[in-house]
Amino acid sequence: MLDGQQPISGTFAHVARLDPIKDHNTLFAALRLARDAGHDVRLICAGRNAVNGSPAFDELLGRHGVAEAVRGVGQMPDVEVVYEMADAFVLSSVAENTPIVVVEAMAAGLPVVSTDVGNVAEAVGDLGVVVPPGDPAALASAMVRALADPALRERARREGPVRVRRNYAPEALGDAWSDVLDVNAPPTTVGSMLGRASDWLRWRLRQAVPPLRLWIMAAIAFGLSAVVYRVAHVMPIQVARTNLEWLSMVLYAFGLWPALSHIYLTLVGGAVDKALEIIGCSGGDNAGSTT
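Keep in mind that this is a model prediction, so the values were computed, not measured.

Criteria and thresholds
Residues numbered from 1 in each chain as written. Predicted model: local features only at pLDDT ≥ 70, side-chain atom pairs only at ≥ 80, totals over all residues. Heavy atoms only, no water. Helix = DSSP H or I, 4+ residues; strand = E, 2+ residues; numbered from the N terminus. Contact = heavy atoms within 4.5 Å. Pairing = 2+ DSSP bridges. Axes fitted to C-alpha atoms, helices over the stretch in contact; angles between N-to-C directions. 1 Å grid on protein atoms, 1.4 Å probe; cavity = no way out; pocket = protein on both sides within 12 Å on 5 of 7 lines; lining within 4 Å. Points joined across faces, edges and corners; volume = space filled by probe spheres on them. Nonpolar A, V, L, I, M, F, W, Y, C, P; charged D, E, K, R; others polar. Phe/Tyr/Trp six-rings, centres within 6.5 Å; stacked < 30°, edge-to-face > 60°. Buried < 20%, exposed > 50% of the residue type's maximum accessible area, 1.4 Å probe, protein only. Parallel < 35°, antiparallel > 145°, perpendicular 65-115°, else oblique. pLDDT = per-residue confidence, 0-100. Expected span 1.5 Å × (residues − 1). Arc of directions from axis to C-beta.

So, about the side chain of H64. Residue position: H64 is located in helix 2 (residues 55-64). Discounting chain neighbours no more than four positions away, the residues touching H64 are N25, F28, A29 and R32.

Structure below.
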C-alpha cells in the first residue's frame, strides 16, 4: 500500500531503450502514483531514445505529469555511472529473457524492483521485489517498499555482487551451458517455438489498441466531416457543394489516420523490429548499446 506510509525519498535507475516492450508507460504511471502518495521518488532513465528532448520520451513524461522527476540521459557507454547515482533499480518490461541490466544492478549492490518476466524472479531472489507486468499500482507499491526497507538495501549491497560472481561469472555460465547442451536435455520443440510466437503476437495486439488521445482526435475529425457533409448538401452553388464534399472526405481520412497509423506502426513496425533483432541487425539489451 502507498497510503499511510511515512514519506520516503530516493532515486531509481532504469536502463532500457524506449520501446513498447520495455513499458515506460507503466513505469511513469507508477512513478506518478508514488509521488501523488507523498513520496519523493525520482528516476534516472538511460537507454536508446530515453533522453530528455526526444519527442516520444517527452510525450510520455507529459502524459503522466512526471517530467520534473525524471532525468533521461539516453544511451551511455558508461552506464555504471547511472547505477552509482541510484538507490535502487527498477525494470518495467512486459517480456525479457535474462536482462543483463538486472545482473548489472545487483553487481552494483542495488535492490531490484522488477516485473515478473523471463527468469528475473529467479535471478533476483530475496534481493528485490517482483510484481506482475503492466500493473502501475503494484509497481509503485514495490518501489516504495524497496526504498523504505533498509534491510533489503543492505542485503542487496552485501550479497548482490557475490551472487553475480557466483551465478554469472564466465566459469558459472560455462557450467550452465554444459547442462543446457547435455544430450539428455529436452530439445526445443515446434510447440514451444509456436507458444513464444503466440505470446509475442498477443502482446503486440494489445499494444495495437490506440490510446484515448488518438480516439478523441479521430472522433473530432469524423464529427467535422459529418457536419461539413451536411452543409454541402444545402449549398445552392454546385462549385461550393463539390468543394465541401471534398473537404468532408479529407476530414474523414484524417479521422481514420491516427488510429490506423498507430495500429500499423505497432504491428508492422514491431514485426520488423523483431525480425531485425532475430537476424542480428539490432543489438541485444546490453547496457552499453541498446538499452
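Next up on the list: the sheet that holds strand 6 (residues 128-131). Across the sheet, which stays open at both edges, the six strands sit in the order 3-2-1-4-5-6 with parallel pairing between neighbours. Of all strands in the sheet, those bounded by a partner on one side alone are strand 3 (70-74) and strand 6. With strand direction ignored, the average angle separating the axes of adjacent strands in the sheet is 20°.

There is about 940 Å³ of room inside the second largest pocket. Lining the second largest pocket are 29 residues, with P20, R63, Q207, H262 and T266 sitting closest to its centre. Mapped onto the lining of the second largest pocket, the elements with two or more residues apiece are helix 1 (24-36), helix 2, helix 9 (190-207), helix 10 (212-232) and helix 11 (238-279). Considering only residue class, the lining of the second largest pocket consists of eleven nonpolar, ten polar and eight charged.

It is worth spelling out the packing of aromatic side chains at this point. Within this structure, the stated rule accounts for three aromatic pairs. Ring geometry for F28 against F57: centres 5.8 Å apart, planes inclined by 80°, an arrangement best described as edge-to-face. One end of the pair, F28, is in helix 1; the other, F57, is in helix 2, and 29 residues separate them in sequence. Like F57, F28 is buried. Ring centres 5.0 Å apart and planes at 45° place the aromatic pair F222 and Y252 in the tilted group. On the criterion of sequence distance, the pair formed by F222 in helix 10 and Y252 in helix 11 is long-range, its members being 30 residues apart.

The next subject is the packing of helix 4 (residues 100-107) against helix 7 (residues 150-168). Their axes nearest at 7 Å, the elements helix 4 and helix 7 cross at an angle of 130°. Between helix 4 and helix 7, the angle is such that the two are oblique. Contacts from V103, M106 and A107 in helix 4 reach A156, G160, P161, R163, V164 and Y168 in helix 7.

What follows is about the confidence of the model for the protein. Low-confidence regions, as indicated by low pLDDT, have predicted coordinates that should not be scrutinised in detail. Summarising the model, the protein shows a mean pLDDT of 85, and 86% of its residues fall at 70 or more. By mean pLDDT, the top-scoring element of the protein is strand 4 (residues 88-91) (98), and the lowest-scoring one is helix 8 (residues 170-180) (50).

On to helix 10, then. Helical periodicity: at 3.6 residues per turn, an α-helix aligns residues three or four positions apart in one direction. An ideal rise of 1.5 Å per residue puts 30 Å on 21 residues; helix 10 measures up with 30 Å between its terminal C-alpha atoms. Of all the positions in helix 10, only L214, A218, A221, S225, V228 and A232 are classed as buried. Along helix 10, the residues classed as buried sweep out an arc of 95° about the axis, all on the same side. Relative to its buried face, helix 10 has exposed residues pointing more than 90 degrees away, namely L212, I220, V227 and R230.

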